[in-house]
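One letter stands for each residue in the lines below.
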Amino acid sequence: MKSLVVLISGSGSNLKALLDAVARGEIRAQVKAVIADRDCAGRQHAEAAGVPFVLLNRKTADFAAALDAAVPDCDLVVLAGFLSIIPPALVARFPHRMVNLHPSLLPKFGGAGMYGLRVHQAVLAAGERESGCSVHWVDTGIDSGAVIAQAQVPVLADDTPQTLQARIAPEEHRLLVTTVARLLDGDSL
């Protein structure tokens, strides 16, 4: 059976979408571990599903080595709201086997400091008429890997960063589940 590891930093809503899809058989794989770089609400989803949870302190000098050691061998590593930079050695261990979910239509609104509501604030400030989310390969840059799949949503005239985020979130869940399932099944995208 195929396996994946999920890296998180926050509420874990995308982790929950993945775990639910595994339970329904939409993703034919086992989640071997959930790794977080801070204590976060997402831990509850891992524990409820009986998935081993590893908490790392991102503020320690040995964080890169600890993260590399914590990620077991698997078919796919999924960054689902993980905010720490992935060390080059870990990227090298999983060439074209590590993906990230980003809350914008990359290459727009990616890079250092672009996460969460900051992304949606930037989209609105730029006057964009469309936003969405992207799943991309992880490389040694920040949100710079090749885009695998995207989902679009309209930006409405009365949107706030919070309303835009709320409208994109279900698309993130759908896109991440669909993309992970296809990658693990070996389908071309």
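In the annotation of an unreviewed UniProt entry, the chain is listed under the name Phosphoribosylglycinamide formyltransferase and assigned to Cardiobacterium hominis. Recorded in UniProt under Function (unreviewed entry), the annotation for the chain is "Catalyzes the transfer of a formyl group from 10-formyltetrahydrofolate to 5-phospho-ribosyl-glycinamide (GAR), producing 5-phospho-ribosyl-N-formylglycinamide (FGAR) and tetrahydrofolate." As its UniProt record puts it under Catalytic activity (unreviewed entry), the chain is described as follows: "N(1)-(5-phospho-beta-D-ribosyl)glycinamide + (6R)-10-formyltetrahydrofolate = N(2)-formyl-N(1)-(5-phospho-beta-D-ribosyl)glycinamide + (6S)-5,6,7,8-tetrahydrofolate + H(+)".

*Asks:* I tried to follow the UniProt feature "site: Raises pKa of active site His" (unreviewed entry) in the chain on my own but got confused; where do I start?
*Replies:* Here the UniProt feature "site: Raises pKa of active site His" (unreviewed entry) sits at Asp143. Relative to the helices and strands, Asp143 is located in the loop between β6 (130-137) and β7 (147-154). Residue classification places Asp143 among the buried positions, given a relative accessible area of 16%. Beyond its immediate chain neighbours, meaning those up to four positions away, Asp143 contacts Asn100, His102, Leu106, Gly110, Gly111, Met114 and His136.

*Asks:* Would you take a moment to explain the pairing of β6 for this structure?
*Replies:* The side chains of a regular strand alternate between the sheet's two faces. The element β6 is largely enclosed, with a buried count of seven among its eight residues. Bridge count between strand β5 (residues 98-102) and β6: four bridges; the pairing is antiparallel. Residue pairing in the sheet places Val99 in a bridge with Trp137 of β6. Here β6 runs beside β7; their pairing, made up of seven bridges, is antiparallel.

*Asks:* Sorry if this is basic, but what is going on with the environment of Ala66 here?
*Replies:* Mapped onto the elements, Ala66 comes out in helix α3 (residues 63-70). Sequence spacing of Ala66 and Phe53 is 13 residues, and the spatial spacing of their C-alpha atoms is 14 Å.

*Asks:* Teacher, can you tell me more about the UniProt feature "binding site: (6R)-10-formyltetrahydrofolate" (unreviewed entry) in the chain here?
*Replies:* Taken from the UniProt record, the annotation "binding site: (6R)-10-formyltetrahydrofolate" (unreviewed entry) applies to Arg58 and Asn100. As for its placement among the helices and strands, Arg58 is situated in the loop between β3 (53-55) and α3. Those residues in contact with Arg58, other than ones at most four positions away along the chain, are Asp37, Arg38, Phe63 and Ser84. With respect to the helices and strands, the residue Asn100 is situated in strand β5. With near-sequence residues (within four places) excluded, Asn100 lies in contact with Leu79, Ser134, Val135, His136, Val138 and Asp143.

What counts, and at which threshold
- Residues numbered from 1 in each chain as written.
- Predicted model: local features only at pLDDT ≥ 70, side-chain atom pairs only at ≥ 80, totals over all residues.
- Heavy atoms only, no water.
- UniProt positions renumbered as here; feature names shortened; annotations may be inferred.
- Helix = DSSP H or I, 4+ residues; strand = E, 2+ residues; numbered from the N terminus.
- Buried < 20%, exposed > 50% of the residue type's maximum accessible area, 1.4 Å probe, protein only.
- Contact = heavy atoms within 4.5 Å.
- Pairing = 2+ DSSP bridges.

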